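Analysis of the macromolecular model
Okay, here's what each chain looks like letter by letter:
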Amino acid sequence: MREKLLHTAQVKALINKVAGFETSEGDQRLKKIIERVVTDVMRTIEDFDVSPTEFWAAAAYLTKVGQSHEMGLLIPGLGIEHFLDLRMDQQEREAGLTGGTPRTIEGPLYIEGAPLSKGEARLDQDPETGEVLFMDGQVKDAQGNPVPGAIVDVWHANTDGWYSHFDPKQTPFNLRRRIETDVDGKYKFRSMLPKGYGVPPDGPTNELLSAIGRHGERPAHIHFFVSAPGYRKLTTQINIDGDPLLHDDFAFATRDELIPAITHHTDTAEINARGLNEPFATITFDFTMHKEAADLPAAVVERAHAA
Ligand code: MBD
Ligand code: FE
């Protein structure tokens, strides 16, 4: 077998210099991370006999991911955003924090500053064809007490699977609202049942997923941030039960506790009572929040949002 260059004194000395170990300047932890990442890239090149042409194709690929603003798609597609969730879950468990509504990934399509209202909201402001959804529930603490004044920040795709702000056909903040829970910790909203999202078919994320035989589709879902003073911010989603991709999400965000029952109402009297002409759906989902405490991983994840 050919000698591994990575094990030679020459390459070890190279990596040592690359990572900045020959100077006392700079951040020590970052040096170790750079050492690891550079070593792992070199190991991959060597073990898989990656040619220079292949390597430069990979560099060009990453450039394209950035230029297409698809880093936020590639990362969940590679399971890394879900892995970050699993790590936070683990750290919480180790600190004795269990139960509560599970977190799941934020995804790349949140926009700050959605209209704020008290108790209830209507999310669909643009005309759409599809099934009307009424969703309601309560924000509670770990003991089951209501949390009034919590902010339920909700966003989801339209009936074609597109998100406002990222879709020139929708008006700003369509299907995005912040709802403050009432004295009983309750929220409710009217909207339209979303369709699942698919990554841009001609983009670099889909290019890689296709090359490894995968798809870039998500089942229909609704995103939430739930926050209240003194509580740990909850980042989560619910899935729309019955979606064929429920357990085949390219972003790995589905969790069993996040698939509430959905009721499709077809009774004429019920339809009329809601002032509608077509069958509609209802979902009830309560959020259970944890009090903030010491020795827990930060519940607020700082990340850049489109604006
Ligand atoms: C989405 O709507 C989403 O939630 C994720 C995680 C990735 C792409 C689109
Ligand atoms: Fe989404």
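Below: a short report on this structure.

The rules behind these values
Residues numbered from 1 in each chain as written. Chains lettered and ligands numbered in written order. Predicted model: local features only at pLDDT ≥ 70, side-chain atom pairs only at ≥ 80, totals over all residues. Heavy atoms only, no water. Near = heavy atom within 4 Å. Polar contact = N/O pair within 3.5 Å; in protein donor to acceptor, adjacent residues only side chain to side chain. Areas by Shrake-Rupley, 256 points an atom, 1.4 Å probe, with all protein chains shown as cover. Nonpolar A, V, L, I, M, F, W, Y, C, P; charged D, E, K, R; others polar. Helix = DSSP H or I, 4+ residues; strand = E, 2+ residues; numbered from the N terminus. Buried < 20%, exposed > 50% of the residue type's maximum accessible area, 1.4 Å probe, protein only. Contact = heavy atoms within 4.5 Å. Salt bridge = Lys/Arg side-chain N within 4 Å of Asp/Glu carboxyl O. Phe/Tyr/Trp six-rings, centres within 6.5 Å; stacked < 30°, edge-to-face > 60°. Lys NZ or Arg CZ within 6 Å of the ring centre and 35° of its normal.

**Things to note about the site of ligand 1**
The full set of residues close to ligand 1 is Leu-73, Ile-105, Gly-107, Pro-108, Leu-109, Tyr-163, Tyr-197, Arg-218, His-221, His-223 and Ala-251. Here an oxygen atom of ligand 1 sits 2.9 Å away from a polar atom, N or O, in the side chain of Tyr-163. In isolation ligand 1 offers 260 Å² of accessible surface; the protein chains occlude 100% of this area. Across the shell around ligand 1, the residue classes break down as seven nonpolar, three polar and one charged.

**Quick look at the environment of Tyr-163**
Relative to the helices and strands, Tyr-163 resides in the loop between strand E4 (151-156) and strand E5 (176-180). Judged by relative accessible area, Tyr-163 falls into the buried class, the value being 2%. Along the sequence, Tyr-163 and Gln-125 sit 38 residues apart, while their C-alpha atoms lie 13 Å from each other. When neighbours within four sequence positions are excluded, Tyr-163 is seen to be in contact with Leu-109, Trp-155, His-156, Ala-157, Gln-170, Arg-176, Tyr-197, His-221 and His-223. There is a polar contact of 3.0 Å between the side chain of Tyr-163 and the side chain of His-223.

**As for the pattern of salt bridges**
Counted by the stated rule, this structure contains 14 salt bridges. Among the ionic pairs, Glu-92 bridges to Arg-232, the shortest N-O distance being 2.8 Å. Here Glu-92, found in helix H5 (residues 80-94), pairs with Arg-232, found in the loop between strand E7 (221-227) and strand E8 (234-239); they are 140 residues apart in sequence, far enough to count as distant. A single burial state applies to Glu-92 and to Arg-232, both of which are buried. Through salt bridges with shared partners, one network takes in Asp-89, Glu-92, Arg-103, Arg-232, Arg-255 and Glu-292.

**Thoughts on the packing of aromatic side chains**
Working definition: an aromatic ring pair is given by the centre-to-centre distance plus the angle between the planes. Applying the stated criterion across every chain, the model contains ten aromatic pairs. With centroids separated by 6.1 Å and ring planes inclined at 65°, the aromatic side chains of Tyr-163 and Tyr-197 adopt a geometry described as edge-to-face. Placement of the pair is Tyr-163 in the loop between E4 and E5 and Tyr-197 in the loop between strand E6 (186-192) and helix H6 (204-211), with a sequence separation of 34 residues. By relative accessible area, Tyr-197 is classed as buried at 13%. Site record: aromatic cluster; members linked through ring pairs are Tyr-187, Phe-189, Phe-224, Phe-285 and Phe-287. Above the plane of the ring of Phe-225 lies Lys-233, whose end atom (NZ or CZ) is 3.7 Å from the centre. For the cation-ring pair, Arg-274 lies above Phe-134, with the distance from its terminal atom to the ring centre recorded as 4.2 Å.

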